[in-house]
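Structural overview for review
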Amino acid sequence: MLTVKRVGLSSSRLLIDLAAAALLLPLSLVLTASTNGFVGKYLQSQAPTLAWIATAAIPSCVAICCLYALLGDKRALSWPRLQTENRNRVLRLSAIWLMVWLAGSTAFAIMAGQWIVYARGLPPIAAFLVFGPLGEELLFRGLVYERVRALPPHAALWPVLISSFAFSAHHLWLNTAPGGLALTQVLFTIPMGIVLAL
């Protein structure tokens, strides 16, 4: 109770933030695969011509958008106005991270003994390039980050680390690569989550 008074939060708001953070962390691990899998099985049995919707990760993206509409900070969706110096810094960091991702993908392919195909066909490519990243950003850098940031103590590093580790665990959960190859993706997604959260 002292913590609630010290940071100026009402006890009901603190309980809501704490419950939301506690539920979002485990939910973030299974939400994407479970939602797309359930909707995919349903569509395959009821409307097979629409099964591509689940393959494109649209159901999980819609579910995450609904969660964000209920629990998220709407102000966070506004586009920030970056000064030229900051814009150049963001572009430089993005270019460096793209190079790191390409190098990591190459190393992953060398360890696997072949190039890894992430997606074949339009629905999987849409999932990989559009709906998956959109859902992940809203979930990890949106909901998880915001809910952890709202909890006392208000340390700037905790939301970054927790959302990054949840992002990485989510990718380990989704990864079907055997043994050590899945861990290489985790070693890549932790720093990637930190870069994206900053």
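Residues numbered from 1 in each chain as written. Predicted model: local features only at pLDDT ≥ 70, side-chain atom pairs only at ≥ 80, totals over all residues. Heavy atoms only, no water.

1. Focus on the overall build of the protein chain
Across its full length, the protein chain carries 8 helices and 0 strands. In sequence order, the protein chain lays out its α and β elements as α-α-α-α-α-α-α-α. Within the protein chain, the fraction of its 198 residues that count as buried is 33%. For the protein chain, the computed accessible surface area is about 12,400 Å², with 71% contributed by carbon and sulfur atoms. (Helix = DSSP H or I, 4+ residues; strand = E, 2+ residues; numbered from the N terminus. Buried < 20%, exposed > 50% of the residue type's maximum accessible area, 1.4 Å probe, protein only. Areas by Shrake-Rupley, 256 points an atom, 1.4 Å probe, with all protein chains shown as cover.)

2. As for the confidence of the model for the protein chain
With 76% of its residues at a pLDDT of 70 or more, the protein chain shows a mean pLDDT of 76. Across residues 1–7, confidence stays below pLDDT 50; counting only partners more than four residues off in sequence or on other chains, it has 8 contacts. (pLDDT = per-residue confidence, 0-100. Contact = heavy atoms within 4.5 Å.)

3. Focus on the environment of Leu138
Turning to its location among the elements, Leu138 is positioned in helix 6 (residues 122–150). Leu138 sits 70 residues away from Tyr68 along the chain, and the two C-alpha atoms are 6.9 Å apart.

4. Observations regarding the packing of helix 4 (residues 58–71) against helix 6
The N-to-C vectors of helix 4 and helix 6 enclose an angle of 25°; their axes lie 9 Å apart at closest approach. In this view, helix 4 runs roughly parallel relative to helix 6, as classed from their interaxial angle. Every pair of crossing elements has a handedness; the one defined by helix 4 and helix 6 is left-handed. On helix 6, the residues touching Ile58, Cys61, Ile64, Cys65, Leu67, Tyr68 and Leu71 of helix 4 are Phe131, Leu134, Gly135, Leu138, Leu139, Gly142, Leu143, Glu146 and Arg147. Looking at side-chain class alone, the contact of helix 4 with helix 6 contains 12 nonpolar, 2 polar and 2 charged residues. (Axes fitted to C-alpha atoms, helices over the stretch in contact; angles between N-to-C directions. Parallel < 35°, antiparallel > 145°, perpendicular 65-115°, else oblique. Left-handed = near helix turned anticlockwise from the far one by under 90°. Nonpolar A, V, L, I, M, F, W, Y, C, P; charged D, E, K, R; others polar.)

5. Topic: the nonpolar core
Judged by nonpolar contacts, the single largest core of 15 residues is most densely connected at Leu24, Ile64, Leu139, Phe140, Leu143 and Val144. When residues of this core are traced back to their parent elements, those giving at least two are helix 2 (11–46), helix 4, helix 6 and helix 7 (157–174). Among the elements that take part in this core, helix 6 stands out by supplying 6 residues, more than any other. For Leu139, the contacting residues outside a window of four places in its chain are Leu24, Ser28, Ile64 and Val144. (Core = buried A, V, L, I, M, F, W, Y, C linked by side-chain atoms within 4.5 Å.)

6. Considerations on helix 6
A rise of 1.5 Å per residue sets the reference length of helix 6, with its 29 residues, at 42 Å; its end C-alpha atoms lie 39 Å apart and thus fit the reference within 8%. Where helix 6 bends most, at Phe128, the angle is about 45°. (Expected span 1.5 Å × (residues − 1). Bend = angle between axes of the 7 residues up to and from the residue.)

7. A few points about helix 4
Think of an α-helix as 3.6 residues a turn; residues three or four steps apart then line up on the same face. If you check helix 4, its first and last C-alpha atoms are 20 Å apart, about what 14 residues at 1.5 Å a residue would give, namely 20 Å. Considered for burial, the residues of helix 4 that qualify are Pro59, Ser60, Cys61, Ile64, Leu67 and Tyr68.

8. Things to note about the environment of Phe128
Relative to the assigned elements, Phe128 resides in helix 6. Taking the C-alpha atoms as reference points, Phe128 and Thr55, separated by 73 residues in sequence, lie 9.9 Å from one another.

9. Focus: the packing of aromatic side chains
If you walk through the whole model with that rule in mind, you get 1 aromatic pair. Looking at Arg141, its charged tip hangs above the ring of Phe167, at a distance of 4.3 Å from the centre. (Phe/Tyr/Trp six-rings, centres within 6.5 Å; stacked < 30°, edge-to-face > 60°. Lys NZ or Arg CZ within 6 Å of the ring centre and 35° of its normal.)

10. What about the state of the cysteines?
Applying the stated criterion across every chain, the model contains 0 disulfides. This cysteine, Cys61, is not joined by any disulfide, and Cys65 carries the nearest cysteine sulfur, 4.4 Å off. Overall, Cys65 belongs to the partly exposed group, its relative accessible area being 34%. (Disulfide = S-S within 2.5 Å.)

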